[in-house]
Structure formats: structure tokens, C-alpha cells
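# Architecture and fold: a report
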Amino acid sequence: MTRFLVTGVSGLLGLNFAMAVDGKKHQVTGVANTTPLTWAGFKCLQAELTEQGVIEKLVEEEKPDVILHCAAIANMEACEANPELAAEVNSVLPGRIAAVAHKHDVQMIQISTDAVFDGAKGNYIEADAPNPLSVYARTKWEGENAVLEVNPQALVTRVNFYGWSVSGTRSLAEFFVNALSQGKNVKGFTDVIFCPMMVLDLADMLVEAAHKNLQGLYHLVGAQPMSKYDFGMAIARTFGFDTGLIAAASVMDGGLTAARSPNLSLDTGKIVKALGHELPDFERGLDKFFAQYRHGFPQYIRALE
Ligand SMILES: NC(=O)c1ccc[n+]([C@@H]2O[C@H](COP(=O)([O-])OP(=O)(O)OC[C@H]3O[C@@H](n4cnc5c(N)ncnc54)[C@H](OP(=O)(O)O)[C@@H]3O)[C@@H](O)[C@H]2O)c1
């Protein structure tokens, strides 16, 4: 049994990880901040992680084998609006957690992002130099560096994922489902490429990576690059929504404040080799997302708050 301490447990990744992993072979203690989770089924604490001494206390009391650090200011527009807070949470905090993990000989997994790249080239490998375009991307890259500087045994994964969230609005997949299920027209960007992974598949891969004690920097995104338009169309087809509601559009017409990188396809060869198998298939991940929808999972987790 592995004991995971999961920060950001009220977030999209943290909650799905905790619900999927706790109680089977492993134990999860989650840490939320401003979003209390009432009956999540796993142990859930509340803490402002930037407060002095909080991380040390959590590690001493919970005695985890692995810290999965998901907490972040992950909303790109919120980072543009408050760059100081983004720097404190995304750049400084990961390094402080990494130092405590190192001191207590606890394995640390830092969740980073594909967005560290400018997207000019695509198919990025871990050795490619990042060139962040937004406050979010820059602060997340600084967070990666802060972690590996004080704790080279830590694992830093650059991810991109989708799933169901407490707010019902956190992922792009939810955006498409929410709009299309109500017959609303939406734009799908044809000029933004990414590699989405279903969050439950990501949870499985993170558990495997922890058990293999992977260290250093790895790209851990979906196996299939696609445009945001293609992603929306795949969701519409799987859910039986009208594909005609999705209009092909350019990100330039999206009215977004934070700059988006056009091609965020990442090469996953390094992690495939380390895990010893291919990464989960996109269509199967989407089927899992749809199966959760049919079983009322979105309503179930919205009621947790
Ligand atoms: N979503 C994506 O597609 C995506 C893509 C690439 C990388 N990532 C990365 O994946 C990770 C998880 O993202 P997500 O989408 O799950 O994030 P999310 O849904 O926005 O959740 C963020 C979490 O961080 C917590 N948090 C923020 N500031 C905190 C603080 N000062 N102290 C304690 N907790 C704090 C929040 O707690 P409260 O809500 O309780 O305050 C929440 O649980 C992040 O590192 C993000 O950068 C996400």
C-alpha cells in the first residue's frame, strides 16, 4: 500500500486521482484550500499551503510515501490578473514542498504543463528549451526548476488532461458537453494542437510512475495529438450531440487574454520507455468519460462541495 498526500484535491486532477486511487490498494490524504469537500470518501484536510510551516506539519502528521502536488493557480486568465499570486503558488511553493519531501525522504511528483512551450514547433521532447508565453506558463516552468534544483529525485510531469470537476466547468471537455447538451453553438479552435489524456488514465499512469520511482522530467500527455476543434467533434460524436453546433474557428477570435501556444504536441517516448508500455488510447479514454456521464458522475461530484 502506498500513502499519497495529494495537494489541490478539490481540483480536477486531485479529486479524480483521490477518488480513483484511495481505498483500493492505496491510501490518499487530500488537501484542499477554499473548497471544502464534505463526503468525498477519502481523508480530506484543509490548508493554505503557502502559510509558513504547513507543509512540514502535513508531512510529519500524515507520513506519506508520495506527495502528489496538484495545487496551483491553473486558470490562465487568473494568472494574468494576479501574477504575484501565480508566482507564489506556481513558482515558489513547489520548491518549498520539494525541499520538505527531500528532507523527509518522501517521493515527490510535481504536476506541470505542456504550456511551458511556445508551440512554434510541436512534438517537443524533454530536452527542448521551454519558451513560456503567459504568466501561467512562466510560473509553472519556474516551479519545475525550483523542484528539481532542491530535489533532483523528484518527478516532474508535463501533463494535459480532461475529466469531470466539482465546478462542472474546469475542463475543455466539460465546456463542450455543457454547451452541446443544451444545443448551443460553440467555436472549436483548429489552430491549437494538444494531446488530451482522460484524467483517470493520467491517475493510473501517475501511480505507475510512482511505483517505478521515476525521477526527473517526463512528458505525460495523451497519445494522440489533435486540434481543439477535433477534440470537440470527438466528444460530440461519442455523446451523440449535433456536430454541426461546433464551428471551426481560430484562437485569434477567442477573446482570450493569455497567449496560447499553437502546437503543444509533446513526444512521450521517454515515459513510454520508462513504463514499458504505450500510453492509454484516446478513444478508450473518451469512452470512460462518457460512461461516467451516463452513470451520473458529474452530478455526484458537484454535490461534494
Ligand atoms: N487542467 C488542465 O488541463 C491542466 C493542463 C496542464 C497542467 N495542469 C496542471 O495540473 C495541476 C492540476 O490542475 P487542475 O486543473 O486540477 O487545477 P484546479 O482544478 O484549478 O485546482 C487547483 C487546486 O489547487 C488548490 N490550491 C490553489 N492554491 C492553493 C493554496 N495556496 N493552498 C492550497 N491549495 C491551493 C485549489 O484549492 P481550493 O479550490 O480548495 O482553493 C484546487 O484544489 C496544476 O498543477 C495545473 O497547472 C492542468
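Structure: above.
Residues numbered from 1 in each chain as written. Predicted model: local features only at pLDDT ≥ 70, side-chain atom pairs only at ≥ 80, totals over all residues. Heavy atoms only, no water.

### Notes on the overall build of the protein chain
Rules: Per the convention used, a helix needs a DSSP run of H or I reaching at least four residues, while a strand needs a run of E reaching at least two, with both numbered from the N terminus. Here the globule rule is a power law, 2.2 Å times the number of residues to the power 0.38, and the radius of gyration is based on C-alpha atoms. Only protein chains enter the accessibility calculation, which uses a 1.4 Å probe. A residue is then buried if its area is under 20% of the maximum for its type, exposed if over 50%, and partly exposed in between.
Broken down by element type, the protein chain carries eleven helices and 13 strands. Against the globule reference of 19 Å for 305 residues, the protein chain gives a C-alpha radius of gyration of 18 Å, in line with a compact fold. With the principal axes as the frame, the protein chain shows a C-alpha extent of 55 × 40 × 40 Å. Counting over 305 residues, the protein chain shows a buried share of 55%.

### Comments concerning the sheet that holds strand 2 (residues 27-32)
Counted only if it meets this: Should DSSP find at least two bridges between two strands, the strands are regarded as paired. Lines fitted to the C-alpha atoms define the axes, with helices restricted to the stretch that makes contact. Angles between their N-to-C directions range from 0 to 180 degrees. Working rule for contacts: check all heavy atoms of both residues, and any pair within 4.5 Å makes them a contact.
Read from one edge to the other, the open sheet built from seven strands follows the order 3-2-1-4-5-6-11, with strand pairing classed as parallel. Edge positions in the sheet fall to strand 3 (43-46) and strand 11 (216-220), since each has one partner strand and no second. Averaged over neighbouring strand pairs, the angle between their axes works out to 20° when direction is ignored. Where strand 4 (residues 66-69) and strand 5 (residues 107-113) come together, four bridges link them in parallel fashion. When the sheet's bridge partners are listed, Leu68 is paired in strand 5 with Ile109. In this fold helix 1 (residues 12-21) packs onto strand 1 (3-7), strand 2, strand 4 and strand 5, with an angle of close to 160° to the strand it touches most, strand 1.

### As for the packing of aromatic side chains
The criterion, for reference: Here is the rule: rings of Phe, Tyr and Trp (six-membered ring for Trp) pair when centre to centre is within 6.5 Å. Planes less than 30 degrees apart are stacked, more than 60 are edge-to-face, and the remainder are tilted. Working rule: Lys NZ or Arg CZ, within 6 Å of ring centre, within 35 degrees of ring normal, means a charge sits over the ring.
Per the stated rule, a full pass over the model turns up 15 aromatic pairs. With 5.8 Å between their ring centres and 15° between their planes, Trp164 and Tyr293 make a pair best called stacked. Of the two residues, Trp164 is situated in the loop between strand 7 (161-162) and helix 6 (172-181) and Tyr293 in helix 10 (residues 282-294); the sequence distance between them amounts to 129 residues. Given a relative accessible area of 1%, Trp164 falls into the buried group. Ring geometry for Phe175 versus Phe176: centroids 5.4 Å apart, planes at 65°, classification edge-to-face. Overall, Phe175 belongs to the partly exposed group, its relative accessible area being 39%. Every member of this aromatic cluster is reached through a ring pair, and the members are Tyr162, Trp164, Phe194, Phe231, Phe239, Phe241, Phe282, Phe289, Phe290 and Tyr293. In this arrangement the basic side chain of Lys228 is found over the ring face of Phe194, its NZ or CZ atom lying 4.8 Å from the centre. In this structure, Lys270 packs its charged tip against the face of Tyr218, placed 4.4 Å from the ring centre.

### Some points on the site of the ligand
Note the threshold: Proximity is defined per residue: any heavy atom of the residue falling within 4 Å of a molecule or strand makes that residue near it. Whenever two N or O atoms come within 3.5 Å, that pair is a polar contact, provided that in protein one can donate a hydrogen and the other can accept it, and provided that, for residues adjacent in sequence, both atoms are side-chain atoms. Only the protein chains shown count as cover for residues, and the accessible areas themselves come from Shrake-Rupley with a 1.4 Å probe.
Neighbouring the ligand are 27 residues, the closest being Ser10, Thr34, Glu48, Tyr136 and Lys140. Within the backbone of Cys70, an N or O atom sits 3.4 Å from an oxygen atom of the ligand. At 3.3 Å from an oxygen atom of the ligand is found a main-chain nitrogen or oxygen belonging to Ala72. The fraction of the free accessible surface of the ligand (910 Å²) that becomes covered by protein chains is 88%. Where the shell around the ligand is concerned, the elements lending two or more residues are helix 1, strand 5 and helix 5 (135-150). No other element matches the three residues that strand 5 contributes to the shell around the ligand.

### Things to note about the nonpolar core
How we decide: By convention a nonpolar core is built from buried Ala, Val, Leu, Ile, Met, Phe, Trp, Tyr and Cys residues, the set being connected through side-chain atoms within 4.5 Å.
If you look at the biggest cluster of nonpolar residues, it comprises 66 residues, and the most contacted ones within it are Phe4, Phe17, Leu206, Leu220, Phe231 and Phe289. A per-element tally of this core places helix 7 (residues 199-211) first, with nine residues. With residues up to four places along the chain from it excluded, the contact list for Leu206 reads Leu13, Phe17, Leu68, Ile109, Ile111, Thr157 and Leu220. Judged by nonpolar contacts, the second largest core, of 22 residues, contains Val31, Ala98, Val100 and Ala101.

### Remarks on the pairing of strand 11
Among the five residues of strand 11, five are classified as buried, and the element is accordingly described as predominantly covered. Of the strand pairs in this sheet, strand 6 (residues 155-159) and strand 11 are connected by five bridges, and their pairing is parallel. Pairing of Val156 across the sheet is with Leu217, part of strand 11.

### Focus: the side chain of Ser261
Mapping Ser261 onto the fold places it in the loop between strand 13 (246-249) and helix 9 (269-275). Looking at Ser261, its side chain comes within polar contact range of the main-chain oxygen of Phe117, at 2.6 Å. For Ser261, the residues in contact, after removing those within four places along its chain, are Ala115, Phe117, Asp118, Gly119, Leu133 and Val192.

By themselves these figures say nothing about function.
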